[in-house]
Amino acid sequence: MLWEVEVVLENKKAARDPVGETIKRDLLAKKGYDKISNVRSGQYLRINIEAKNEEIAKNMVEQMCNELRIFNPVTQTLTILNVKSS
Amino acid sequence: MSIKIAVIEFPASNCDLDALHVLNNVLNVEASLVWHNQFKEKDYDGAVLPGGFSFGDYLRAGIIAAHSPAIDEARIMLKDGRPIIGICNGFQILTEAQFLPGALLRNESLKFICKWVNLRIENNKTAFTNRMKIGDIIDIPIAHGEGRYFTDKLKELVDNDQIVFRYIDEKGIAASDANPNGSMDNIAGVCNLEGNCLGLMPHPERASESILSPKGTTHGKLIFESMIDFIKRRRK
């Protein structure tokens, strides 16, 4: 069965995110969106994968991302947002 | 026997010819360009991972190149004690390959920065700084968009003496004004525990001939000369 796995890579909190900071400070705040307390940017990957079930699909993607350093554990966190059949 | 150094080329390396020129024509060693999947460590005394880009810097600068066969060969070379230097994109590759600690993130300003800076030598026991003294100041240019050094093990790096260069101001102080990219602790270059692998964001190959330097200095040459001295001493 084919699954679609959505993955988000983000800088860890300790590593500043100037992209998110600029969006908040130089765009949102200047245009009057003063209720925004924080913006963090990241990378989004949509991976289609063949697997017997949802759990296996998720595990395979996690394993692959760890093994090949698709995310850099020094600076980033990896979150699997969603797994759905595709 | 002549000293043989490989300048390893990845798709989109663009400081490879500059490094080759300095090694061959300024330092008179036998350097050659080697395509990344043809590099064989046994043929060389040392290697340079040049600046530029690699594989479009997709995903993160250096990560795709870090999976190249050249990196498996480089691992053998380092284990044997031979020297490897990574300049700019080469530094990014060496951190992604985990030969060096930490990572390089996008500059705090989000801008590509191209200018001459001052560095202070923090460790002169590496294969690349043995011609300098601790506290010496060198003139050297930077040119990068992703040079903000980050580590989650800063204390370990300090304790192990792995910080090799810091960005400093005219007075020799590692002030925040002298930090061009937001690097943690003003770090411009780090080495491995053994001191035979160095990564730095500045470009010594662009600072090895007085004609290229606004102040007429040739401080970058000291890094390559140190590397060559180190190779000669190993042979004795």
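Residues numbered from 1 in each chain as written. Chains lettered and ligands numbered in written order. Predicted model: local features only at pLDDT ≥ 70, side-chain atom pairs only at ≥ 80, totals over all residues. Heavy atoms only, no water.

Trainee: Hey, could you run me through the overall build of chain A in this one?
Mentor: Counting its secondary structure elements, chain A contains two helices and three strands. The helix and strand sequence of chain A, counted from the amino end, reads β-α-β-α-β. By the compact-globule yardstick of 12 Å for 86 residues, chain A is too spread out, its C-alpha radius of gyration being 16 Å. By its C-alpha atoms, chain A is 50 × 30 × 15 Å across when sized along the principal axes. The buried share of chain A, reckoned over its 86 residues, is 33%. Here the analysis covers contacts within chain A between residues at least 6 apart in sequence; of these, 74% occur between residues at least 24 apart. (Helix = DSSP H or I, 4+ residues; strand = E, 2+ residues; numbered from the N terminus. Rg over C-alpha atoms; globule rule 2.2 N^0.38 Å. Buried < 20%, exposed > 50% of the residue type's maximum accessible area, 1.4 Å probe, protein only. Contact = heavy atoms within 4.5 Å.)

Trainee: Quick question: what am I supposed to make of unusual backbone geometry here?
Mentor: One can expect most non-glycine residues to show negative phi and most peptide bonds to be in trans. Residue and element names in this part refer to chain B. Its identity is not glycine, yet F55 carries a phi of approximately 50 degrees, on the positive side. Assignment of secondary structure puts F55 in the loop between β3 (46-49) and α2 (69-79). F55 sits in the partly exposed class, given a relative accessible area of 26%. Backbone geometry places L59, a non-glycine residue, at a positive phi of 70 degrees.

Trainee: What's the story with the pairing of strand β7 (residues 137-144) of chain B in this structure? I'm lost.
Mentor: Within a regular strand, side chains alternate between the sheet's two faces. Residues and elements named next belong to chain B. Among the eight residues of β7, seven are classified as buried, and the element is accordingly described as predominantly covered. As paired elements, strand β6 (residues 113-121) and β7 share eight bridges and run antiparallel to each other. What sits directly across from V117, in β7, is I140. (Pairing = 2+ DSSP bridges.)

Trainee: Even after reading the chapter, I still don't get the environment of A:R69, so can you show me in this structure?
Mentor: In this structure, A:R69 sits in the loop between α2 (54-67) and β3 (76-85). For A:R69, a relative accessible area of 8% puts it in the buried group. Sequence-wise, A:R69 and A:Y33 are 36 residues apart; in three dimensions their C-alpha atoms are separated by 36 Å. Non-local contacts of A:R69, meaning those with residues more than four positions away in its chain, are made with B:R60, B:I63, B:T95, B:E96 and B:Q98. A distance of 3.3 Å separates the side chain of A:R69 from the side chain of A:N72, its partner in a polar contact. (Polar contact = N/O pair within 3.5 Å; in protein donor to acceptor, adjacent residues only side chain to side chain.)

Trainee: Quick question: what am I supposed to make of the sheet that holds strand β4 (residues 84-87) of chain B here?
Mentor: Paired through their backbone hydrogen bonds, the strands of a sheet run either parallel or antiparallel. Residues and elements named next belong to chain B. If you walk across this open sheet you meet the nine strands as β2-β1-β3-β4-β11-β10-β9-β6-β7, and the pairing is mixed. The two strands at the open ends of the sheet, each matched to only one other strand, are β2 (30-35) and β7. The sheet shows a mean angle of 25 degrees between the axes of neighbouring strands, direction not considered. Sheet analysis places strand β10 (residues 187-191) next to strand β11 (residues 197-200), joined by three bridges and oriented antiparallel. (Axes fitted to C-alpha atoms, helices over the stretch in contact; angles between N-to-C directions.)

Trainee: What is the right way to look at the packing of aromatic side chains in this model?
Mentor: Ring pairs (aromatic) are described by centroid distance and by the angle formed between their planes. All names here are of chain B. One pass over the structure, following the stated rule, counts two aromatic pairs over all chains. When the ring of F91 is compared with that of Y149, the centres are 6.1 Å apart and the planes differ by 10 degrees; the resulting orientation is stacked. Separated by 58 residues along the polypeptide, F91 in helix α3 (residues 89-96) and Y149 in strand β8 (residues 148-150) bring together distant segments of the chain. Under the relative-accessibility criterion, F91 is labelled buried at 1%. Of the residues examined, Y149 reaches a relative accessible area of 1% and is grouped as buried. (Phe/Tyr/Trp six-rings, centres within 6.5 Å; stacked < 30°, edge-to-face > 60°.)

Trainee: Could you clarify how one ought to interpret α2(A) in this entry?
Mentor: Residues and elements named next belong to chain A. With 14 residues, α2 extends 20 Å between its outermost C-alpha atoms, agreeing within 8% with the 20 Å of an ideal straight helix rising 1.5 Å per residue. Those residues of α2 that sit buried are A57, V61 and C65. Take α2 and look down its axis: the buried residues cluster within an arc of 65 degrees, on one side only. Tucked inside the fold, the buried residues of α2 contact β1 (2-11), β2 (42-50) and β3. Of the residues that open α2, the one with a side-chain oxygen 3.1 Å from the backbone nitrogen of E55 is N53. Backbone geometry just after α2 places R69 at a positive phi near 50 degrees. (Expected span 1.5 Å × (residues − 1). Arc of directions from axis to C-beta.)

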